[in-house]
Amino acid sequence: MYFSGFNGAWIASPFWRASFMIRTEDEIRQAQQTDHAYCWIDVHKGLAPDSDSAALPPDESAAPPSPPAAPVSAAAMDPTGPLELDLSDALHLYEMARQTTQEVFSQARLGKSLDVRKCKELVEQIAASVAHNADALLSIIRIKRADEYTYLHSIAVCTMMVALGRTLGLDDKACQQAGLAGFLHDVGKAFIPLALLNKPDRLTDQEYRIIQRHPALGHAYLQGLVGVPDYVLEVCLHHHEKMDGTGYPSRQQGQQISLYARMAAVCDVYDAVTSHRVYKAAWDPADSLSRMASWQGHFDRTIFLAFVKTLGIYPLGSIVTLRSGRTALVIRQNRKDLTRPVVKAFTNTASMETLENEIVDLGADGQTDAIAERSGEDWIKSQGLRC
Ligand SMILES: [Fe+2]
Ligand SMILES: [Fe+2]
């Protein structure tokens, strides 16, 4: 069986890896001796836990949620499962991805070949994480220091491409292809001076034209390597095209733009506007979707709507005001009703009181509070941040 983690922090696990193939009785015994109530078995990667020997002993002191009784697909795993564990695993993966991405950009900058197989393996793990619990990695990819943007943006676009592909009904192979293309889409930025990429002031027209060369530079670099698939080259060159033909570098229109490039256009812009940059503060996620929806001719409409469905109407990290007057941060989606996510309330506007760690599940039975309005943009302005 393929072990995907316990219902608790990975750090408390007897295993040094967050997920792996269980091959020995001893490993099962080690798992049984922990205090964890249950664990996850990924039936996509191994056998299903259909015998008594695979079951953990009952824990009388706690009433744990039931593990999946019957074989279930990883994609069908309970989206309200143990987020703490998933976050811990996703952080681990993110750290690994950060190292790989830095290597890729360093190699590219030196004009050396990058390890395509290593990139594919990383994307495979990102795809598995998204299939298990998309919210975990989708919330972690939001964490970026402005000066690390170029590296971390690659991981973010890769993750969102995989998640979007799943919403669009693409199969696993296609989702991974989209993810790999997203991972390498901006490799051309390795050939643009960092001083220009991180310039805090407004770019001159000439500087803007230099930055606009990154798709062609990345394409030329990847084309010179062995084993880079065509769809990666395609997305690298065309992720800044727009549906109405006003994009660059080829002014492609509509369906002339490949599916993966149309997907990348949405993921790329969303990550750019919701990230802190040296020259601007991050936009609120829900406000960003709302603004992007109003940009006529930029994105493929069907893909954009699937993207909203993927992230939620109030994506993770959005600031909202509840009917009760509380201001809250969206921390988890409710896939059954995207209008009722799980939030963390941090102020009560009416009483001006600061609330600590008040988690509110707006989708819970008997919950009377609800989102009254998006308030991210107003909140950002009230904090004196620049949009
Ligand atoms: Fe780009
Ligand atoms: Fe990009």
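In what follows, the accompanying structure is described. Quick caveat, the model's predicted, so the values are computed rather than measured.

1. Let's talk about the pairing of strand β5 (residues 326-332)
If a strand is regular, its side chains alternate between the two faces of the sheet. For β5, the tally of buried residues reaches 5 of 7 residues, placing the bulk of the element in the interior. Across 3 bridges, strand β4 (residues 319-322) lies against β5 in antiparallel orientation. Paired with V320 across the strands is A328, a residue of β5. Once β4 ends, the chain turns through 3 residues before running back antiparallel as β5, passing G325 with a positive phi of about 95°. Of the pairings in the sheet, the one linking β5 to strand β6 (residues 342-348) comprises 6 bridges and is antiparallel in character. Its bridge partner lying in β6, R332 is registered against V342.

2. Topic: the pattern of salt bridges
Tallied over the entire structure, the rule returns 11 salt bridges. For K118, the salt bridge goes to E103, with nearest N and O atoms at 2.7 Å. With K118 in helix α3 (residues 116-140) and E103 in helix α2 (residues 83-109), the pair connects residues that are 15 residues apart, well separated along the chain. With a closest N to O distance of 3.4 Å, K189 and D186 form a salt bridge. No difference in accessibility class separates K189 from D186, as the two residues are buried. Through salt bridges with shared partners, one network takes in E95, R98 and E148.

3. Some thoughts on empty space enclosed by the protein
Evaluated as defined, the whole model comprises 2 cavities of 30 Å³ or more. There is about 130 Å³ of room inside the largest cavity. Of all the secondary structure elements, the ones that give two or more residues to the lining of the largest cavity are α3 and α10 (259-273). Split by residue class, the lining of the largest cavity holds 7 nonpolar, 2 polar and 4 charged. Within this model, the second largest cavity holds a volume of roughly 40 Å³. Lining the second largest cavity are E241, K242, M243, I257, A261, R262, A265, H298, F299 and D300. A class-by-class count of the residues in the lining of the second largest cavity yields 5 nonpolar, 1 polar and 4 charged.

Conventions adopted
Residues numbered from 1 in each chain as written. Chains lettered and ligands numbered in written order. Predicted model: local features only at pLDDT ≥ 70, side-chain atom pairs only at ≥ 80, totals over all residues. Heavy atoms only, no water. Buried < 20%, exposed > 50% of the residue type's maximum accessible area, 1.4 Å probe, protein only. Helix = DSSP H or I, 4+ residues; strand = E, 2+ residues; numbered from the N terminus. Pairing = 2+ DSSP bridges. Salt bridge = Lys/Arg side-chain N within 4 Å of Asp/Glu carboxyl O. 1 Å grid on protein atoms, 1.4 Å probe; cavity = no way out; pocket = protein on both sides within 12 Å on 5 of 7 lines; lining within 4 Å. Points joined across faces, edges and corners; volume = space filled by probe spheres on them. Nonpolar A, V, L, I, M, F, W, Y, C, P; charged D, E, K, R; others polar.

These values are about where atoms sit, not about what they do.
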